[in-house]
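Given next are the chains, with one letter for each unit.
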Amino acid sequence: MSTVGPVVVGVPEEAYAAGLADVVGVEPVVWDLSHAHGREAEFRLVVPPYMGPPPRVERFRDLPALEVVQLLSAGYETVLDRIPPGVALCNGAGIHDASTAELALTLTLASERDLATHLLAQSSSSWAPPRMWRALADKRVLVVGYGRIGHAIVRRLLPFEVEVTVVASRARGGDDLVDAVHGIDELPALARTADVLILVVPLTDSTRGLVDADLLARLPNDALVVNVARGPIVDTDALVAECSSGRLRAALDVTHPEPLPADHPLWRAPGVIITPHVGGATSAMAPRALALLRRQVEALRDGRPLDNVVKPATSVSR
């Protein structure tokens, strides 16, 4: 493959093109994959849009020079099997750490401090009756998924005077925040003492349905399930049953199905807070996304290894 001339990079928005304009040897071109462009033969790296209609990923196969698809999302399960041979897939790990961790804490605090009760009282110009309210302090929090976002969540949790336990795909030693990382095989036993269960694992065959009726039944009464990962990780029917009975609560940025139909019982289940999958869509995203894109296009230009490779390019003649 010839590399004469600048590295032509397709980005979905003018702001990203402007942010890459000063990178020597790189030509950023605005293209959101929604239409034919006319320069299909030149694109070596393409960045699909983060929001809006699903990107026309079938166009990847019409880009003969394509070497890299760079996602702006941490999740990649919907694109993984649609990347042509010879093309690397990179995800947006690191872009959403701060935003998603903030939302995980927001959902946890909003539920623990009964914010919905106070907002409902405010909407009717009334004062909630005095009583002793829940607090996050002294709670036992179990974080399932201890990658970059999980680490960011724990770093924000610890000042709230909680006891934090973390779970990853396999057990390993601790780090600057936790004494040990537990393996996923320990999750059923650990769930028995978790006041708050925060989910931040990627959606894979092994995590789909991970939080099923059996695991939910192991949680203590009044435990809170916080999902900022992917909806299918939780058995929705089992969660609805537990929340409808009043035994568990939930604070969800993701659901299954998604978007949640207007008549779905999860909307009306007591103790449930739902946000519309907004964990990463904040003002903190753009500067972090641009920093990653600059590193990636410079690495591609210089022939250096890329960051965040989740599917390497296969060695096929293209």
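None of these values were measured; they are calculated from a predicted model.

## What to know about the overall build of the chain
Moving on, step 1. Looking only at helices and strands, the chain has eight helices and 14 strands in total.
Moving on, step 2. Against the compact-globule benchmark of 20 Å for 318 residues, the chain has a radius of gyration of 22 Å, which places it among compact chains.
Moving on, step 3. The principal-axis extents of the C-alpha atoms in the chain amount to approximately 70 × 50 × 35 Å.
Moving on, step 4. Residues counted as buried form 47% of the 318 residues belonging to the chain.
Moving on, step 5. In the chain, of all internal contacts separated by at least 6 residues, the share reaching a separation of at least 24 is 58%.
Moving on, step 6. Carbon together with sulfur atoms contributes 55% to the accessible area of the chain, which is approximately 15,400 Å² in total.
Moving on, step 7. Within the chain, one finds 30 positive and 38 negative side-chain charges whose respective centroids are separated by 1 Å.

## Describing the packing of aromatic side chains
Moving on, step 1. Applying the stated criterion across every chain, the model contains one aromatic pair.
Moving on, step 2. Their ring planes at 15 degrees and their centres at 4.9 Å tell us that Trp 31 and Phe 43 sit as a pair that is stacked. With Trp 31 in the loop between strand 2 (26-30) and strand 3 (43-46) and Phe 43 in strand 3, the pair connects residues that are 12 residues apart, well separated along the chain. Considered together, Trp 31 and Phe 43 belong to a single accessibility category, that of buried residues.

## Quick look at the environment of Arg 140
Moving on, step 1. Among the structural elements, Arg 140 can be located in strand 6 (residues 140-144).
Moving on, step 2. Placed 151 residues apart in sequence, Arg 140 and Ala 291 show a C-alpha to C-alpha distance of 36 Å.

## Re empty space enclosed by the protein
Moving on, step 1. Under the defined criterion, the tally for this structure stands at one cavity of 30 Å³ or more.
Moving on, step 2. Taken together, the residues of the lining of the largest cavity break down into five nonpolar, five polar and no charged.

## So, the layout of surface pockets
Empty space among the atoms becomes visible once a probe the size of a water molecule is rolled across them.
Moving on, step 1. Of the pockets and cavities examined, the second largest pocket occupies roughly 280 Å³.
Moving on, step 2. Every residue lining the second largest pocket is counted, 14 residues in all, and those nearest its centre are Asp 114, Ala 116, Thr 117, Gly 271 and Val 272.
Moving on, step 3. For the lining of the second largest pocket, the elements supplying multiple residues, two or more each, are helix 2 (97-112), helix 3 (115-123) and strand 13 (272-274).
Moving on, step 4. Here the lining of the second largest pocket is composed, by residue class, of seven nonpolar, three polar and four charged.

## Comments concerning the environment of Asp 253
Moving on, step 1. Mapped onto the elements of the fold, Asp 253 is located in the loop between strand 12 (249-252) and strand 13.
Moving on, step 2. Along the backbone, Asp 253 and Arg 230 are 23 residues apart, and their C-alpha atoms lie at a distance of 8.4 Å.
Moving on, step 3. There is a polar contact of 2.8 Å between the side chain of Asp 253 and the backbone nitrogen of Val 278.

## A word on the side chain of Arg 59
Moving on, step 1. Assignment of secondary structure puts Arg 59 in the loop between strand 3 and strand 4 (68-70).
Moving on, step 2. Buried within the structure, Arg 59 lacks any salt-bridge partner; its nearest side chain of opposite charge belongs to Glu 40, at an N-O separation of 5.3 Å.
Moving on, step 3. A distance of 3.4 Å separates the side chain of Arg 59 from the backbone oxygen of Ser 34, its partner in a polar contact.

## Comments concerning the nonpolar core
Moving on, step 1. Val 144, Leu 219 and Leu 239 are the most contacted members of the largest nonpolar core, which has 32 residues in total.
Moving on, step 2. When residues of this core are traced back to their parent elements, those giving at least two are strand 6, helix 5 (187-191), strand 10 (196-199), helix 6 (213-218), helix 7 (236-244) and strand 12.
Moving on, step 3. Broken down by element, the residue count for this core peaks at four residues, all from helix 7.
Moving on, step 4. With near-sequence residues (within four places) excluded, Leu 219 lies in contact with Ala 191, Ala 194, Leu 197, Val 225, Arg 247 and Leu 248.
Moving on, step 5. Counting 28 residues, the second-largest nonpolar core is a separate cluster that includes Leu 107, Tyr 146, Ile 198 and Ala 251.

## So, the pairing of strand 1 (residues 7-11)
Moving on, step 1. Of all five residues making up strand 1, five are buried, and the element is well covered by its neighbours.
Moving on, step 2. Here strand 1 shows two buried faces, one formed by Val 7, Val 9 and Val 11 and the other by Val 8 and Gly 10.
Moving on, step 3. Relative to strand 2, strand 1 runs parallel, the two being bridged by five bridges. Looking at the pairing, Val 8 lines up with Glu 27 of strand 2.
Moving on, step 4. In terms of strand pairing, strand 1 meets strand 3 through three bridges, oriented parallel. Along strand 3, the bridge assignment pairs Val 8 with Phe 43.

Criteria and thresholds
All residue numbers refer to positions counted from 1 along the written sequence of the respective chain. Only residues with pLDDT of 70 or above have their local features reported here, since the model is predicted, and side-chain atom pairs are shown and tallied only from 80 upward, although totals for entire chains, interfaces and linings are computed over all residues. The side-chain numbers reported here are obtained from all heavy atoms of the structure, hydrogens and water having been left aside. Counting from the N terminus, the helices are the DSSP runs of H or I reaching at least four residues and the strands are the DSSP runs of E reaching at least two. Radius of gyration here uses only the C-alpha atoms, and the compact-globule reference equals 2.2 Å multiplied by the residue count raised to the power 0.38. Note on classification: 1.4 Å probe, protein chains only; a residue is buried when its accessible area is under 20% of the maximum for its type, exposed when over 50%, partly exposed between these limits. Contact criterion: two residues are considered in contact whenever any of their non-hydrogen atoms come within 4.5 Å of each other. For accessible areas, the Shrake-Rupley method is used with a probe of radius 1.4 Å. Any residue's cover is judged against the shown protein chains and nothing else. Charged residues are defined here as Lys and Arg on the positive side and Asp and Glu on the negative side; His and the ends of the chain fall outside this count. Each charge is placed at NZ for Lys, CZ for Arg, CG for Asp and CD for Glu. Stacked, edge-to-face and tilted labels apply to pairs of Phe, Tyr and Trp rings (six-membered ring for Trp) whose centres lie within 6.5 Å, assigned for plane angles under 30 degrees, over 60, and everything in between, in that order. For each structure, a 1 Å grid was placed over the protein atoms alone; sets of points admitting a 1.4 Å probe that cannot get out are labelled cavities, open sets with protein on both sides within 12 Å along at least five of seven lines are labelled pockets, and lining residues have an atom within 4 Å of a point. Grid points are joined across faces, edges and corners, and a volume is the space filled by probe spheres set on the points. For this classification, Asp, Glu, Lys and Arg are treated as charged, while Ala, Val, Leu, Ile, Met, Phe, Trp, Tyr, Cys and Pro are nonpolar and the rest, including Gly, are polar. We call two N or O atoms a polar contact when they sit within 3.5 Å, provided that within protein one can donate a hydrogen and the other can accept it, with sequence-adjacent residues counted only if both atoms are side-chain atoms. In what follows, salt bridge is the name for a side-chain nitrogen of Lys or Arg lying within 4 Å of a carboxyl oxygen of Asp or Glu. The set of buried Ala, Val, Leu, Ile, Met, Phe, Trp, Tyr and Cys residues whose side-chain atoms join them within 4.5 Å is what this entry labels a nonpolar core. A pair of strands is treated as paired once DSSP finds two or more bridges between them.

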